[in-house]
Amino acid sequence: MTTSTVAPPAWWQALQDDFGAFLRSPLRDDGGRFRADAADTAKLLACVKDDEPGAAARLALYHAQYWMRLFHVLQQAFPRTAGVVGPFTFNRLASAFLVQTPPRGFDLEDIARNFHPALQGTLEALVRPTQRSASPQGVIEESLSALLTRVPAAALTVPAWHGLLSLDLPWSMLAQALALDEACRRAFDAPATSAWAIGDDDIAAIMASRVGVRMAPSLSIVRVDWDLDVDGVMPPTSGNAVANAATDARATAQSSPPRSRRRQTARHHVVVHRIDGVSHGTVDAVFARVLARLRRERFRDLRVHFEQKLPTGADGHLQQAFAGYARRAAALGWWIGTTVDDEPT
Amino acid sequence: MGLGLRPVHLAALKEGAPGLGFVEIIAENFLGRSELPRRQLRDIAARWPIVAHNVSLNLLGTDPLDTAYLRRLRELVETHQIPCVTDHLCFSAAQGLHLHDLLPVPLSSSLVPWAVDRIKAVQDALGVPFGIENASTYLRFVDDDLSEQEFLRQIVEGADCQLLLDINNVFVASVNHGFDPRGFLDAIPWERVAYVHLAGHLTRDDGLRHDTHDRPVDDEVWALYREAWRRGGPFPTLLEWDDHIPPLAVALAEVKKAITVRA
């Protein structure tokens, strides 16, 4: 790349800095609506031609675009969490995060990557004590999300409206929504895997514990007993939020979260990045346990548990039952091969 | 005829897209950590020529150009033999922080040397022809001493680069700032136009035109497109649709209207 010999005008650098600072200035809560604080615009308005009507409104359009685009990115990355807490509360959490951690790169996905630990820590802090029936770590382990590499939670410095954000929601609901969103986001980042043509010999070797199972690096399993179906809690927002910045801001302020309900039985969601995209399916509890334990153990370590959990009448058909699981896991790209290392991956 | 590639159309594109001549990608969507978009792009690039459109080069910004980003962009260009790369005449970052928008710049003659120098550096880094697009704007600055068309002309000629002329943006800016869009077209150096953009926009209650890309092309924009064709045609034409995106067949039908409009 050629080296520049031209310097930008100093006034231009100052104007850009002011414009950037204006865009990043937090949205102000005013009667439940988001809007820019007029005081922030004075410096920039002095640089703007005043022979066009509504200069402040025009400047505010850029401000709204900045925030709505970033809110949209985070809502798209965490749709279930946003649905559970409601878009207004979610955007406030996003706002607190973005004020502390403004985007530093071109990749919008980075914003979501960095948001997860802050969101988790903050939600934990905001949930009312009466709703904490299970510890966050307990939920994660219960949901088998130990498969996810946990990032230390870091609560946001929540600004003045903190008091409005006490969440009267069960922690288990929030934790499950967040775990499922993060599993999908991580799968998108991870390498894709293809179906594995597993053979009878492979299955026999796994059951004899001569080899371990190599899992897809993107594989996550999340136990969910709240009604968090992919499209059930919050339909995906459409396209580019910048387009509807003004209307989105109003909708954001006025809508309240739909209440989820708890299911009679839990579902175990398996998320993986396959060649044809990020895939999302459910398995029964026994299969979930098999998937989770074979990641770090050999078959001999879970044989007793597996036998105990098989449906009545299937006790004598251990091999047949396991082979069914194995073939499905291989066909769906959840298992990608065997390992002879001491520790399966 | 071209169409901006959007993920919602990937499945339909596999079934074919009669009349589609080329596809424009938002390059940033294929430069991130995940391999999935790049894998999907391979299938598209095998069937249609690809051009790369950017939103993050920060051409008129004062932050240093992102050399790592440019390297990745060049790899993408070389992988898919992309013949042309474009970005907007705007700034999009300041103080090391990305603003993720196409922000307005003063139409000042004192900024022309800076813009020319940056564009030459980008073109040099990418190794393929580079073009700049006129952006939609909602503000003008007290430091403006050039018309937008004169600002554009001085920069494309100084940098010896191409021009991606967005007809919708010309119209939006003309209404928002009160100038004659046909006079704008009269000043365009047509020999430098690589292709033109079309898109839909919103008319707000206060009369401001908002470049939303969320609806069909406005009738007045089609009329301006006809004027552009008379002045500078033939040129490739591409439709952008970014929000409330219709099925592929609807988007293709919209861009094919151009053939009727310019007849």
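Details of the structure are given in the entry above.
Residues numbered from 1 in each chain as written. Chains lettered and ligands numbered in written order. Predicted model: local features only at pLDDT ≥ 70, side-chain atom pairs only at ≥ 80, totals over all residues. Heavy atoms only, no water.

A. Layout of the sheet that holds strand β6 (residues 277-283) of chain A. Residues and elements named next belong to chain A. Across the sheet, three strands lie side by side as β4-β5-β6; this open sheet has antiparallel pairing. Here the strands that pair on one side only, and so sit at the sheet edges, are β4 (220-226) and β6. Neighbour-to-neighbour, the strand axes of the sheet open up by a mean angle of 30°, direction not taken into account. Sheet analysis places strand β5 (residues 262-274) next to β6, joined by seven bridges and oriented antiparallel. What sits directly across from Val271, in β6, is His280. This element, helix α11 (residues 285-293), spans β4, β5 and β6 of the sheet and lies at about 125° to β6. (Pairing = 2+ DSSP bridges. Helix = DSSP H or I, 4+ residues; strand = E, 2+ residues; numbered from the N terminus. Axes fitted to C-alpha atoms, helices over the stretch in contact; angles between N-to-C directions. Contact = heavy atoms within 4.5 Å.)

B. View of the sheet that holds strand β7 (residues 130-133) of chain B. Residue and element names in this part refer to chain B. Spatial strand order, β1-β2-β3-β4-β7-β8-β9-β12: eight strands in a closed barrel with parallel pairing. Ignoring which end each strand starts from, the neighbouring axes of this sheet average 25° apart. Bridge count between β7 and strand β8 (residues 162-166): three bridges; the pairing is parallel. Each residue of the ladder has a partner; that of Ile132, found in β8, is Leu163.

C. Up close: the interface of chain A and chain B. Across the boundary between the two partners, chain A contributes 59 residues, which contact 62 residues of chain B. Between chain A and chain B lies a buried interface of about 5,200 Å² when both sides are counted; carbon and sulfur atoms form 61% of it. Arg69 of chain A is the partner of Asp101 of chain B in a salt bridge, and the nearest nitrogen-oxygen pair spans 3.7 Å. Our enumeration of links across chain A and chain B arrives at 18 residue pairs in polar contact (both at pLDDT 80 or more). Listed by contribution, the elements that provide at least two residues to the side of chain A that touches chain B are α1 (10-24), α3 (55-77), α6 (108-126), α8 (171-189), β5 and β6 of chain A. Residue classes in the side of chain A that touches chain B are distributed as 32 nonpolar, 14 polar and 13 charged. (Buried area = accessible area lost by both parts, 1.4 Å probe. Salt bridge = Lys/Arg side-chain N within 4 Å of Asp/Glu carboxyl O. Polar contact = N/O pair within 3.5 Å; in protein donor to acceptor, adjacent residues only side chain to side chain. Nonpolar A, V, L, I, M, F, W, Y, C, P; charged D, E, K, R; others polar.)

D. Layout of the packing of aromatic side chains. The tally for this structure, following the rule as stated, stands at 22 aromatic pairs over all chains. For the ring pair Phe287 of chain A and Trp334 of chain A, a centre distance of 5.8 Å and an interplane angle of 50° mean the geometry is tilted. In this pair, Phe287 of chain A sits in helix α11 while Trp334 of chain A sits in the loop between α13 (318-331) and β7 (335-339), placing the two residues 47 residues apart along the sequence. With respect to burial, Phe287 of chain A and Trp334 of chain A carry one shared label: buried. For the pair Trp229 of chain B and Phe235 of chain B, a centre-to-centre distance of 4.9 Å together with 75° between the ring planes defines the contact as edge-to-face. Per residue, the accessibility class of Trp229 of chain B equals that of Phe235 of chain B, and both read buried. Put simply, the rings of Trp11, Trp12, Phe19 and Tyr62 of chain A together with Phe91 and Tyr138 of chain B touch in pairs and so form one group of aromatic residues. Taking the ring centre of Trp229 of chain B as reference, the NZ or CZ of Arg262 of chain B above it sits at 3.9 Å. (Phe/Tyr/Trp six-rings, centres within 6.5 Å; stacked < 30°, edge-to-face > 60°. Buried < 20%, exposed > 50% of the residue type's maximum accessible area, 1.4 Å probe, protein only. Lys NZ or Arg CZ within 6 Å of the ring centre and 35° of its normal.)

E. Spatial organisation of the pairing of strand β3 (residues 50-53) of chain B. Residues and elements named next belong to chain B. Neither face of β3 is exposed, since Ile50 and Ala52 on one face and Val51 and His53 on the opposite face are all buried. The pairing of strand β2 (residues 22-26) with β3 spans four bridges and is classified as parallel. Paired with Val23 across the bridge in β3 is Ile50. This β-α-β element, β2 to helix α2 (residues 36-45) to β3, shows right-handed connectivity. Direction of pairing for β3 relative to strand β4 (residues 85-88): parallel, over a ladder of two bridges. Residue pairing in the sheet places His53 in a bridge with Thr86 of β4. Handedness of the crossover joining β3 and β4 through helix α3 (residues 67-79) is recorded here as right-handed. (Right-handed = clockwise from strand over helix to strand, strands pointing away.)

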